Amino acid sequence: MKRAALFVLAVLACGLLSGAGVTAQKPTGLSAERRAEHLAAFDQIWTTVRDRHWDPTLNGVDWERARRELRPRVEAAATDGDARAAMNALVDRLGQTHFSVIPGDVFELLGDGSTPFSGDAGIRVRVLDRRAIVSAVVDGSPAARAGVRAGWEIVRVGDTDVRPRLERLVNELPETLLKRADLATAVESRLKGRVGESIRLECDTGDGPGRALIIPFEVPQGVRTTIGNLPPVWVRTDTRELPDGTGYFALSSFINPVYVMDEFGKAIERFRDSPGLVIDLRGNEGGTFNIVMGMLGWLVADRGRQVGTVVQRNLTLKIVVQPRPAPYGGRVAVLVDGLSMSASEVLVATLQDTGRARVFGSRTAGAVLGATIERLPNGDRFQYAFADYVSVTGRRLEGYGVVPDVAVDLRRDALIKGHDPVIDAAVEWIQQRRK
Amino acid sequence: MRRWTLAVTVCALAVVAGVEIRAQETTPSAETLLDNYVKAIGGRAASDKVNTRVIKARLEVPAAGLSMSVSTWTARPNKARTILESDAVGRIERGFDGTVGWEVTTTTGPRVYEGAQLDDAVRDNRFDGLVTWREWVAKAETRGAADVDGKPAWKVLVTPKRGSAQTYFLDQASSLIVKLETTARTPMGDVPVELFFSDYRDVAGVRMPHRVRQLLAGQELVSVLESVTPNAEIPAGQFDLPKEIQALLAKK
């Protein structure tokens, strides 16, 4: 359930990179009715966290004091943004992921193509050596058709020079596990826009002259999925056979179980006799837990084996394997990076703990809490965590993430040559094991 | 030993005060409460006239904005099949053919119920439910009074011959079940569940709750019955075990 948090992150990060707050509002004053809605929203957030946070101590935060200090800010708010900032300040005191207030108006419009983030150019970015490097180009996307290639550096977006702003972000953002995600999102959010509009990019190709391109924004690739109070998510899978015969399955998020489980089941059958299977969860933003359980059942054969624990306020649930009748028996390598979050981290930790898979890449985001999204009286949405996850070996993932068995970073020189060092390392391991 | 001491103390206090004895005299027996419930929903004769039911319902998690459709087919004496479908969970299909309890889900595939979960499936899939409680209940005890949504109710702990015990709350005015405390047996462990029943309506002479609010694992779920068709024709093979379940059983 990380998507909403990521979306908020995208809005904030875009503001950082452009030097302007995209949600800035002129103080116009709030009606008494609107102020009452915000106060009711604040009270709902405060009460929900008090009653439903899995830790009765609320991570050691003086919650009564937080209300005393921040509720007056909502009462005095001149704009919706001011009121929302006070509510976010409240949940920020917990110092945990999966707590955020999402503006209702943006939320409502996110999926209809008319908001700044509804269209996608199809470029995925990682910040390598303080440069915005194209890590992947989504098949069939406008960027793919325009000839954008992995390994290119994005040096200018519209009128914005990326390098100096990125340099500033690298220096100013705190050194947390989420920093890599913040940096990548800061750039990627500039590569999204209203469907039908376009963006001008200047790129350093690394092995030839620079390129300037105009790339239109289109409806994102993937299966559009709306579930409950979540904003629309475009779920993408990529199933293909690597040159040596190893199977490859990539997943963008753990949303839409019908689609994802069907695609994963087909991948398992297709590669059942292959040397091994690479599951690419880099950039996977998480989603619902039932898909984690489902994928686990295709990969681990030990029925009833406990692999983790979900801790709620008055309830502890065991995570146990429910294997499919014929689970996959081949080698499994899982790829992760700093943008692998939430549900994806649970799956990776589970496969790592059970020895079922070898994990390649870089440390994950450490944003692993069971969360839900509720509607607030002011129309906003409130994402909050109500459960913690503890692996069977006793390790918490929130704030720690998963450390890969084999640390492999993306390298620009390899990407330019058409190689992905992380995939290459995983395939090499699978081939070694085969020999 | 400590429990015995406590019991003696309570008895002694009751004798001295006389209060507890009077209270017990006015507390109905569990047998009376369960029989009154059967009468309240229409009686055994009315229930006996219904041999199958098809129910269409909607199950919602209001706080999360989630909704799923539910279709249920049931038949005497203890056959059932339920299909839940939603974008959030995919398809969840559950059944009981009188002997085997099973489920097939989009995410985790086929599974045959075993142990406590099978025992509870036996308990829960009796077509007549509490109407025939004397046939399947090992012990029923009144456990005092309680308020349910501001109305007084009697608590009755029902221990079946097979399956785990449950506490029913029967409204003191209507004798209808207004609440049930039970435990869901899941592969992830036991989950306490509270169910609140309301909006009783007459369906072919039998009163059935058309709204059920569930509290489990910190979440509120609300089921609203959209249609109930008594004595509906059940498609042939509806209660047969799915092929995936048959394959699992064959491997055992």
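As the structure is a prediction and not an experimental result, all values here were calculated from the model.

Counting its secondary structure elements, chain B contains seven helices and 13 strands. Viewed in the frame of its principal axes, chain B has a C-alpha envelope of about 65 × 45 × 40 Å. Counting over 252 residues, chain B shows a buried share of 26%. When contacts within chain B are restricted to residue pairs at least 6 apart in sequence, long-range pairs at least 24 apart make up 45% of them.

Of all residues in chain A, 90% have pLDDT values of 70 or greater, and the mean over the chain is 88. The low-confidence segment residues 1-27 of chain A (pLDDT under 50) makes 68 contacts with residues lying over four places distant or belonging to another chain.

This part is about helix α3 (residues 30-40) of chain B. Residues and elements named next belong to chain B. For α3, the full list of buried residues reads Ala30, Leu33, Leu34, Tyr37 and Val38. The arc that holds the buried residues of α3, viewed along the axis, is 140°, so those residues lie on one side. Elements that come into contact with the buried residues of α3 comprise α4 (43-48), α6 (133-136), β7 (137-148), β8 (151-160), β9 (166-171) and β10 (177-186). Within two residues after α3, glycine 42 carries a phi angle of roughly 130°, on the positive side.

Turning our eyes to something else, we now look at the pairing of strand β17 (residues 331-336) of chain A. Residue and element names in this part refer to chain A. The buried count for β17 comes to six of six residues, which makes it a mostly enclosed element. Of the two faces of β17, the one carrying Arg331, Ala333 and Leu335 and the one carrying Val332, Val334 and Val336 are both buried. As judged from the five bridges shared by strand β14 (residues 276-280) and β17, these two strands associate in the parallel manner. Bridge pairing links valine 278 to alanine 333 in β17. Pairing of β17 with strand β18 (residues 358-361), which is carried by four bridges, proceeds in the parallel orientation. If you follow valine 336 over to β18, its bridge partner there is glycine 361. At this point the chain moves from β17, through helix α11 (residues 343-353), to the parallel β18, and the crossover so formed is right-handed.

Residues and elements named next belong to chain B. Checked against the element boundaries, leucine 33 lands in helix α3. For leucine 33, a count of 21 C-beta atoms within 10 Å corresponds to the buried category. Taking the C-alpha atoms as reference points, leucine 33 and leucine 176, separated by 143 residues in sequence, lie 9.4 Å from one another. When residues no more than four places from it in sequence are discounted, the contact partners of leucine 33 are Pro28, Thr142, Trp154, Val156 and Leu170.

Another point: the domain arrangement of chain A. One can read the domain layout of chain A as domain 1 (24-102), domain 2 (119-216) and domain 3 (223-434). Taking the mean C-alpha position of each, domain 1 of chain A and domain 2 of chain A sit 34 Å from one another.

Before going further, it helps to spend a moment on the interface of chain A and chain B. When the parts come together, some accessible area is lost, and that loss is often what is quoted as the size of the interface. With 30 residues of chain A at the contact, the number on the chain B side is 22 residues. Broken down by secondary-structure element, the contributors of at least two residues to the side of chain A that touches chain B are α9 (257-270), α10 (289-299), β16 (316-320) and β19 (369-375) of chain A. With five residues, α10 of chain A is the single largest residue contributor to the side of chain A that touches chain B. Residues that form the side of chain A that touches chain B fall into these classes: 13 nonpolar, eleven polar and six charged.

Residue and element names in this part refer to chain B. Per-residue pLDDT for chain B averages 90, and the proportion of residues at 70 or more is 90%. Predicted confidence is poor over residues 1-25, with pLDDT under 50, and the contacts of this stretch with residues over four places away or in other chains come to four contacts. What the predictor reports for the complex is a pTM of 0.86 with an ipTM of 0.84.

Leaving glycine aside, a negative phi is the common case for residues, and trans is the common case for peptide bonds. Residues and elements named next belong to chain B. Each neighbour pair has its own omega, and for arginine 76 with proline 77 the value is -5°, a cis peptide bond. One can find proline 77 in the loop between β2 (66-75) and β3 (79-86). The phi angle at asparagine 231 is positive, at roughly 50°, despite the residue not being glycine. By the element assignment, asparagine 231 lies in the loop between β13 (219-230) and α7 (243-251).

Cut-offs used in this document
Residues numbered from 1 in each chain as written. Chains lettered and ligands numbered in written order. Predicted model: local features only at pLDDT ≥ 70, side-chain atom pairs only at ≥ 80, totals over all residues. Helix = DSSP H or I, 4+ residues; strand = E, 2+ residues; numbered from the N terminus. Buried ≥ 20, exposed ≤ 12 C-beta atoms within 10 Å, placed from the backbone. Contact = placed C-beta atoms within 7 Å. pLDDT = per-residue confidence, 0-100. Arc of directions from axis to C-beta. Pairing = 2+ DSSP bridges. Right-handed = clockwise from strand over helix to strand, strands pointing away. Domains from an automatic or database assignment. Nonpolar A, V, L, I, M, F, W, Y, C, P; charged D, E, K, R; others polar.

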